Amino acid sequence: MLWGALKASVAAGALAVMLLGMSPQAAVAGEEGASKGESTGTFSDNDPLEPLNRTIYGVNYVVDHTLLRPLAYAYRDGTPDYLQSRVSNVLRNLKAPVVLANDSLQGEWVRAGDTGMRFLINSTIGLLGVFDVATDWGYPYHNEDFGQTMAVAGLGEGPYLVLPLLGPSNARDAVGSAVDWFVDPMRMYDATRNPSWAPEADYARMGATALNMRKDYLDTIDELEKQSLDTYVSMRSAYRQIRVREISNSETVAPTVNGSEFDTPKN
């Protein structure tokens, strides 16, 4: 019973990845920039499953506001900032091998070097990632995923999707997320070396990641929900804009384009 409840909580917690690695500031900027695209209809296409997507979005909203949002507020307001920072550092370090693989597949050798050095430094001097020593030494954090890798290779995004408990995505990014999970060396190590408690370790990591990300977005999403006439449209717009920015490794919000055309062009 206890593990059943924990698994349900972790699954609900996965809703926190609705903005897929965006900073709260970037999410706001993306939503503001993308709303212009919605007003002109440039983002109104490529959502053929909108009725179904809206239904799933509604269910996700209820689960989030019933379970994850209250937990995130309790975590943010009830634990020291120092502890929250250490948790974030460990979770980023655990993800580093997947980021490194995608850096390399995209031919981003400088960024791959940064990720490799981050993992080496933080796993040793940083005590298994508890302390982010690498950033102070000139190796800043960045994120990459297999959805971005496929986009760089020229694969189109496919139709917009809202995944149960996972939030905004598209066909390409949904596959990319599954690939990242499957090839994660940390997960595979646990599965092969510690099969008896690997599922529990997976759930604990997923739950911590979801809670940590939802905590980061509390104010951003609350403000978006207050100001948006249609939060479904706002989330869809923000997701597409930020994916443009992430795929191009840009620090600024990408210009408004049709969501199916933001991929790196084929040669």
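So, a few notes on the structure that sits alongside this text. (Residues numbered from 1 in each chain as written. Predicted model: local features only at pLDDT ≥ 70, side-chain atom pairs only at ≥ 80, totals over all residues. Heavy atoms only, no water.)

1. Re the overall build of the protein chain
Argument step 1. Counting its secondary structure elements, the protein chain contains twelve helices and two strands.
Argument step 2. Split into buried and exposed, the 267 residues of the protein chain put 43% on the buried side.
Argument step 3. Within the protein chain, contacts between residues separated by at least 24 positions form 72% of all contacts whose residues are at least 6 apart in sequence.
Argument step 4. Looking at the protein chain as shown, the accessible area adds up to about 13300 Å², and 65% of this sits on carbon and sulfur atoms. (Helix = DSSP H or I, 4+ residues; strand = E, 2+ residues; numbered from the N terminus. Buried < 20%, exposed > 50% of the residue type's maximum accessible area, 1.4 Å probe, protein only. Contact = heavy atoms within 4.5 Å. Areas by Shrake-Rupley, 256 points an atom, 1.4 Å probe, with all protein chains shown as cover.)

2. So, helix H3 (residues 50-78)
Each α-helix turn comprises 3.6 residues. Residues three or four places apart therefore point the same way.
Argument step 1. When the local axis directions of H3 are compared, the greatest deviation, roughly 45 degrees, occurs at Asp64.
Argument step 2. Within H3, burial applies to Asn53, Ile56, Tyr57, Asn60, Asp64, Leu68, Ala72 and Tyr75. (Bend = angle between axes of the 7 residues up to and from the residue.)

3. A word on unusual backbone geometry
Argument step 1. In the Ramachandran plot, Leu127 falls in the positive-phi region, its phi being about 55 degrees despite a non-glycine side chain.
Argument step 2. You can see Leu127 is positioned in the loop between helix H5 (109-124) and helix H6 (133-136).
Argument step 3. Using a relative accessible area of 52% as the deciding quantity, one classes Leu127 as exposed.
Argument step 4. A positive phi angle, near 70 degrees, is found at Leu165, a position not held by glycine.
Argument step 5. Tracing the backbone through its elements, the reader meets Leu165 in the loop between strand E1 (160-163) and strand E2 (167-170).

4. Brief notes about a nonpolar patch on the surface
Argument step 1. On the surface, Trp181, Phe182, Val183 and Met188 cluster together into a nonpolar patch covering about 410 Å² of accessible area.
Argument step 2. Position of Val183 relative to the elements: it lies in helix H8 (residues 171-183).
Argument step 3. Given the relative accessible area of 38%, Val183 is considered partly exposed. (Patch = residues over 30% accessible without salt bridge, like charges linked within 9 Å, V, L, I, M, F, W, Y side chains within 5 Å. Salt bridge = Lys/Arg side-chain N within 4 Å of Asp/Glu carboxyl O.)

5. A look at the pattern of salt bridges
Argument step 1. A full pass over the atoms with the stated rule returns 16 salt bridges.
Argument step 2. Among the salt bridges present, the one from Asp64 reaches Arg214, with a minimum N-O distance of 2.9 Å. Of the two residues, Asp64 is situated in helix H3 and Arg214 in helix H10 (residues 198-216); the sequence distance between them amounts to 150 residues. Residues Asp64 and Arg214 agree in their burial class; the two are buried.
Argument step 3. With a closest N to O distance of 3.0 Å, Lys215 and Asp216 form a salt bridge.
Argument step 4. It is possible to trace a salt-bridge network through shared partners that takes in Asp47, Glu50, Arg54, Asp230 and Arg236.

6. Things to note about the packing of H3 against helix H11 (residues 218-227)
Argument step 1. Closest axis-to-axis distance for the H3/H11 pair is 11 Å, and the angle between their directions is 140 degrees. Between H3 and H11, the angle is such that the two are oblique. Between H3 and H11 the crossing geometry is left-handed. Where H3 approaches H11, its residues Tyr61, His65, Arg69, Ala72, Tyr73 and Arg76 are matched on the opposing element by Leu218, Asp219, Asp222 and Glu225. (Axes fitted to C-alpha atoms, helices over the stretch in contact; angles between N-to-C directions. Parallel < 35°, antiparallel > 145°, perpendicular 65-115°, else oblique. Left-handed = near helix turned anticlockwise from the far one by under 90°.)

7. With respect to the side chain of Asp222
Argument step 1. In this fold, Asp222 is placed in helix H11.
Argument step 2. Look at Asp222 and you get buried, because its relative accessible area is 9%.
Argument step 3. Beyond its immediate stretch of four places on either side in the chain, Asp222 contacts Arg69 and Tyr73.

8. Some details on the nonpolar core
Argument step 1. In this structure, Ile56, Tyr57, Tyr160, Val162, Met213, Tyr217, Ile221, Leu224, Tyr232, Val233, Met235 and Tyr239 together form the largest nonpolar core, which totals twelve residues.
Argument step 2. Broken down by element, this core gets its largest block of residues, four residues, from helix H12 (residues 231-247). (Core = buried A, V, L, I, M, F, W, Y, C linked by side-chain atoms within 4.5 Å.)

9. Side note on the packing of aromatic side chains
The geometry of an aromatic ring pair is captured by the separation of the ring centres together with the interplanar angle, meaning the angle of the planes.
Argument step 1. Using the criterion set out here, one finds three aromatic pairs in the structure.
Argument step 2. Aromatic pair Tyr160 and Tyr232: ring centres 6.2 Å apart, planes at 80 degrees, arrangement edge-to-face. Pair noted here: Tyr160 is in strand E1 and Tyr232 is in helix H12, with a separation of 72 residues, a long-range link.
Argument step 3. The positively charged end of Arg86 is found above the aromatic ring belonging to Tyr82, 4.4 Å away from the centroid.
Argument step 4. One residue, Arg92, lies across the ring of Tyr141, its end atom 4.0 Å from the ring centre. (Phe/Tyr/Trp six-rings, centres within 6.5 Å; stacked < 30°, edge-to-face > 60°. Lys NZ or Arg CZ within 6 Å of the ring centre and 35° of its normal.)

10. Here we look at the pairing of E2
Argument step 1. Bridging between E1 and E2 involves four bridges; their strand directions are antiparallel. Note on E2: the bridge partner recorded for Tyr160 is Asn170. (Pairing = 2+ DSSP bridges.)

11. Some words on the side chain of Glu225
Argument step 1. When you line up the elements, Glu225 lands in helix H11.
Argument step 2. One buried charged residue, Glu225, remains without a salt bridge, the closest side chain of opposite sign being Arg214 at 5.3 Å.
Argument step 3. Looking at Glu225, its side chain comes within polar contact range of the side chain of His65, at 3.2 Å.
Argument step 4. Beyond its immediate sequence surroundings of up to four residues, Glu225 is in contact with Tyr61, His65 and Thr231. (Lys, Arg positive; Asp, Glu negative; His and termini not counted. Polar contact = N/O pair within 3.5 Å; in protein donor to acceptor, adjacent residues only side chain to side chain.)

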